[in-house]
Amino acid sequence: MMRPIILAIDAGQTAVKVRFADLPDFKYPGVRAEVGLLSQLVRVIRLVASHGDGTPIDVAVGAAALSRADDTDATALLELCKPSGVVRVSLTPDSVTSFLGAIGDQRGVVVAAGTGAVTLGVGARSVARVDGWGYVMGDAGSGYWIGREALDAVMRAHDGRGPATALTEAAQRLFPRLDAAYMELLTNPDRVRVVASLSPGVFDMAATDRIAAGILVRAGQELAHAAVTAVNRIGEEDQANPVICLIGGILGPGPVRAACVRALRDHWPEFAPHPASGDSLAGAHQLPSLLREHPLSSHVAVAPSPEVGLDGGN
């Protein structure tokens, strides 16, 4: 059959980004964790596939919201998309596509920190995921985590349990009545984004407010701790300068990245961050060519199974 053309999707909470053929990249609203993922993906795939020329389509998805068992059902997604010319589907967490986009199929660790945070390590035979457990019980060092730490500091200052901080002014722009903020958040379905929206203010105030500066240092240390844990779990701790790539808005140039690098140099004095070669969308584009022998292949749901032997197959 004709070699399929790849439709790559980076389905994040902030935006869904799509790359297809030689068309400009598409961008849609982010996926909603409380809604089934497959129905959201089907809508996007149908819209984008309508721009095709009839060539069979190989859909490759990295998604942030694989929270239900149904969300990982590549076969169900394939069946729903067959009328749009889709002949194969690869579906995986966005931690996998972020890894592939950043450093390809080599061994190493990728720390990704945006609204959430997840670290993925890939060794010769093993894969280690560290954190990425969401705002309720994880994502240490993320934008949400930074916003949450800021609110904690503000409420401590409000109660008299902690020192005064300029972060109070930023919090009051969102919550004029601080003593009612917790109820506003509990009843707000968009609470994660609201809390994370405080993180830019923490960065802005870090140069003049020691509380804000301390939060960002701790964020960097948390992310470094995740990286060290992943390196140890994949058996690469004996390297003088293990491959560790730091990506995402929180780990851009600035105090969190600096604190993370300092903490990593406590373990490996020669450490230097590995440069990222691409993003999660580029990583999704690599999914169809990922070798079955690669440790990450077991974390990718594929339909039909690789044994079917489509051209360009996994």
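Residues numbered from 1 in each chain as written. Predicted model: local features only at pLDDT ≥ 70, side-chain atom pairs only at ≥ 80, totals over all residues. Heavy atoms only, no water.

**Student:** Just give me the short version of the pattern of salt bridges, but keep the residues and values in it.
**Tutor:** Per the stated rule, a full pass over the model turns up 11 salt bridges. Salt-bridge contacts for Glu149 lead to Arg218; the nearest nitrogen and oxygen are separated by 2.9 Å. Here Glu149, found in helix H5 (residues 143–159), pairs with Arg218, found in helix H10 (residues 210–233); they are 69 residues apart in sequence, far enough to count as distant. Between Asp179 and Arg177 there is a salt bridge, with its nearest N and O atoms 3.2 Å apart. A relative accessible area of 44% means that Asp179 is categorised as partly exposed. You can call Arg177 exposed: its relative accessible area is 54%. (Salt bridge = Lys/Arg side-chain N within 4 Å of Asp/Glu carboxyl O. Helix = DSSP H or I, 4+ residues; strand = E, 2+ residues; numbered from the N terminus. Buried < 20%, exposed > 50% of the residue type's maximum accessible area, 1.4 Å probe, protein only.)

**Student:** Run through the sheet that holds strand S7 (residues 117–122), naming residues and quoting values.
**Tutor:** If you walk across this open sheet you meet the four strands as S8-S7-S6-S9, and the pairing is mixed. The sheet is open, and its two edges are formed by strand S8 (127–131) and strand S9 (244–247), each paired on a single side. Here the strands of the sheet are splayed against their neighbours by 15° on average, with no regard to which way each runs. In the sheet, S7 pairs with S8 via five bridges, with the strands oriented antiparallel. Bridging from a neighbouring strand, Val118 pairs with Asp131 of S8. (Pairing = 2+ DSSP bridges. Axes fitted to C-alpha atoms, helices over the stretch in contact; angles between N-to-C directions.)

**Student:** Explain the nonpolar core to me, using residue names and the numbers behind them.
**Tutor:** Counting 52 residues, the largest nonpolar core has Ile146, Leu167, Ile244 and Leu264 as the members making the most contacts within it. Sorting elements by how many residues they give to this core places H10 first, with 12 residues. Each residue touching Ile146, except ones within four places of it in the same chain, is listed here: Gly141, Ser199, Val202, Phe203, Ile215, Leu216, Ala219, Ile250 and Val256. Of all hydrophobic cores here, the second largest spans 29 residues; its members include Ile9, Val42, Val61 and Ala63. (Core = buried A, V, L, I, M, F, W, Y, C linked by side-chain atoms within 4.5 Å. Contact = heavy atoms within 4.5 Å.)

**Student:** Lay out the sheet that holds strand S1 (residues 5–11) in plain terms, naming residues and giving numbers.
**Tutor:** The strand order S3-S2-S1-S4-S5-S10 describes an open sheet built from six strands, whose pairing is mixed. Unpaired on one side and paired on the other, strand S3 (26–29) and strand S10 (301–303) mark the two borders of the sheet. In this sheet, adjacent strand axes meet at a mean angle of 15° when their direction is disregarded. Direction of pairing for S1 relative to strand S2 (residues 15–20): antiparallel, over a ladder of five bridges. Within S2, the residue paired with Ala11 across the bridge is Val16. Contacting S1, S2, S3, strand S4 (57–63) and strand S5 (86–93), helix H1 (residues 37–49) crosses the sheet at an angle of about 135° to S1. On top of the sheet, helix H2 (residues 74–81) reaches S5 and S10; it is set at about 145° to S5, its chief contact.

**Student:** Any details on the pairing of S7? Residues and values, ideally.
**Tutor:** With respect to burial, S7 is a largely interior element, six of its six residues being buried. Across the two faces of S7 the burial is the same, with Ala117, Thr119 and Gly121 and Val118, Leu120 and Val122 all buried.

**Student:** Explain the packing of H5 against helix H6 (residues 167–174) to me, and be specific about the residues and the numbers.
**Tutor:** Packing of H5 against H6 leaves a shortest axis separation of 9 Å and a crossing angle of 105°. With respect to H6, the axis of H5 lies roughly perpendicular. Seen from H5, the contacting residues are Ala150, Leu151 and Val154; seen from H6, they are Leu167, Thr168 and Ala171. Classifying every residue of the contact of H5 with H6 gives five nonpolar, one polar and no charged. (Parallel < 35°, antiparallel > 145°, perpendicular 65-115°, else oblique. Nonpolar A, V, L, I, M, F, W, Y, C, P; charged D, E, K, R; others polar.)

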